[in-house]
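Below, each chain spelled out in residue letters.
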Amino acid sequence: MPNLLALDASTSACSAALLIQRGGGEPRLVSRFALTPREHTRRLLPMVDEVLAEAGVSVAELDAVSYGRGPGSFTGLRIAAGAAQGLAYGLDLPLLGVSTLEALALAAHRRHGVEYVVTAMDARMGEIYVAAWRCHDGAIEALLEEAVMPPQRLHLPAMAERDGWYGIGSGWSLWEQMPAEVQSSVTQRDVEAEPAAEEMVLLAARDHAQGIRPAAHESQPIYLRDQVAWQKGK
């Protein structure tokens, strides 16, 4: 298993996580997480220093760097991308961008063991960032591709299972604006959850093991809203 560092500033939360394995021992996960609106620039790199110090690891022992590549706050995404690229460039390491929505899905699965998850983040301007997932046997499958849309337009894939969907993320604060069929299908919600580096480092480790190892200059934040505007203008 690679020694991997992850950092995230995509929402009002700021986080860093380190996944390491030494010798034949069990992997160790060290993380920091805090709600720090408008303080990401000041808090992010000190969090990185803290997880490295707690684990007794130097940056020279890292095999890759990862970060929350979006969707999320434009400013926060740029802060995390800039910090992660700086580290990856300086150490000549791969830089893996991780979906904030997929990180939320993994968080729901790890905490509650749920299989079908709808991740939704408040995108402001009356819209949500949203995707749907199946989490099964340690794998995460996208059932609804990441998109930005008004909550009134959300429609979920058909599902035969009776347990219903688990909704996670700040986008569920717009529950009253969602269609009736969505409200009847989503049986549990966690509105307070924010994406975290702890899940991102696990997803990055999965991608790294599959041979996904882009160079630092190849990784870019994913804003979704810019992409949609560009597609409409074609």
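Located above this text is the structure these notes cover.
Residues take numbers from 1 onward in each chain, read along the sequence in its written order. Per-residue local features of the predicted model are confined to residues with pLDDT of at least 70, and side-chain atom pairs are confined, for both listing and counting, to 80 or more; whole-chain, interface and lining totals are unaffected and use all residues. Just so you know, side-chain values use all the structure's heavy atoms and leave hydrogens and water out.

**Concerning the overall build of the protein**
Then comes step 1: Under the DSSP-based scheme used, a helix requires at least four consecutive residues in state H or I and a strand at least two consecutive residues in state E, with every element numbered from the N terminus. If you tally the helices and strands in the protein, you get 6 helices and 10 strands.
Then comes step 2: All radius of gyration figures rest on C-alpha atoms, and the globule criterion is 2.2 Å times the number of residues raised to 0.38. Taken over the C-alpha trace, the protein has a radius of gyration of 18 Å; the compact-globule value for 234 residues is 17 Å, and the two agree within 12%.
Then comes step 3: Dimensions of the protein, computed from C-alpha atoms along their principal axes, come out at roughly 50 × 40 × 30 Å.
Then comes step 4: In what follows, residue pairs with any heavy atoms lying within 4.5 Å of each other are defined as contacts. Looking at the protein alone, contacts between residues at least 24 apart form 64% of all its contacts between residues at least 6 apart.
Then comes step 5: Every accessible area reported is derived by Shrake-Rupley at a probe size of 1.4 Å, with residue values counting cover from the shown protein chains alone. Per element, the accessible surface of the protein, about 11000 Å² overall, is 49% carbon and sulfur.
Then comes step 6: Only four residue types enter the charge count: Lys and Arg as positive, Asp and Glu as negative, with His and the chain ends excluded. Just so you know, the charge point we use is NZ for Lys, CZ for Arg, CG for Asp and CD for Glu. In the protein, which carries 20 positive and 29 negative side-chain charges, the distance between the mean positions of the two groups comes to 4 Å.

**Brief notes about the packing of helix α1 (residues 40–55) against helix α2 (residues 74–91)**
Then comes step 1: Axes, fitted as lines to C-alpha atoms, cover a helix only where it is in contact. Angles between the N-to-C directions of the axes lie from 0 to 180 degrees. Two numbers describe how α1 lies on α2: the axes approach to 11 Å, and their chain directions differ by 35°. The element α1 and its partner α2 pack so that their crossing is right-handed. Where α1 abuts α2, its residues H40, T41, L44 and L45 lie against G76, I79, A80 and A83.
Then comes step 2: Amino acids outside the nonpolar list (Ala, Val, Leu, Ile, Met, Phe, Trp, Tyr, Cys, Pro) and the charged list (Asp, Glu, Lys, Arg) are all regarded as polar, and Gly is one of them. Grouping the constituent residues of the contact of α1 with α2 by class yields 5 nonpolar, 3 polar and no charged. When the near helix sits turned anticlockwise from the far one by under a right angle, the crossing is termed left-handed; a clockwise turn instead gives a right-handed crossing.

**Structural notes on the sheet that holds strand β7 (residues 127–136)**
Then comes step 1: One open sheet holds the 5 strands; their spatial order is β8-β7-β6-β9-β10, and the pairing between them is mixed. Looking at strand neighbours, the two that pair on one side only are β8 (139–149) and β10 (186–190), the edges of this open sheet. Adjacent strand axes in the sheet meet at a mean angle of 20°, parallel and antiparallel pairs treated alike.
Then comes step 2: Strands are treated as partners if at least two bridges between them are detected by DSSP. In terms of strand pairing, strand β9 (residues 165–168) meets β10 through 4 bridges, oriented parallel. Bridge assignment links Y166 to a residue of β10, and that residue is Q188.
Then comes step 3: Each of β6 (116–124), β7, β8, β9 and β10 is contacted by helix α3 (residues 100–112), which is oriented at about 135° to β6, the strand it contacts most.

**Some points on the packing of aromatic side chains**
Geometrically, a pair of aromatic rings is defined through the distance of the ring centres and the angle of the planes.
Then comes step 1: Two rings from Phe, Tyr or Trp (for Trp, the six-membered ring) form a pair when their centres are within 6.5 Å of each other. A pair whose planes differ by under 30 degrees is stacked, one over 60 is edge-to-face, and the rest are tilted. For the coordinates displayed, the defined rule picks out 3 aromatic pairs.
Then comes step 2: Their ring planes at 50° and their centres at 4.7 Å tell us that F74 and Y223 sit as a pair that is tilted. In this pair, F74 is assigned in helix α2 and Y223 in the loop between α5 (197–209) and α6 (225–232), connecting sequence segments 149 residues apart.
Then comes step 3: Only when the NZ of Lys or the CZ of Arg is both within 6 Å of the ring centre and within 35 degrees of the ring normal is a charge said to sit over the ring. Above the ring of W175, the side-chain terminus of R189 is found at 3.8 Å from the ring centroid.

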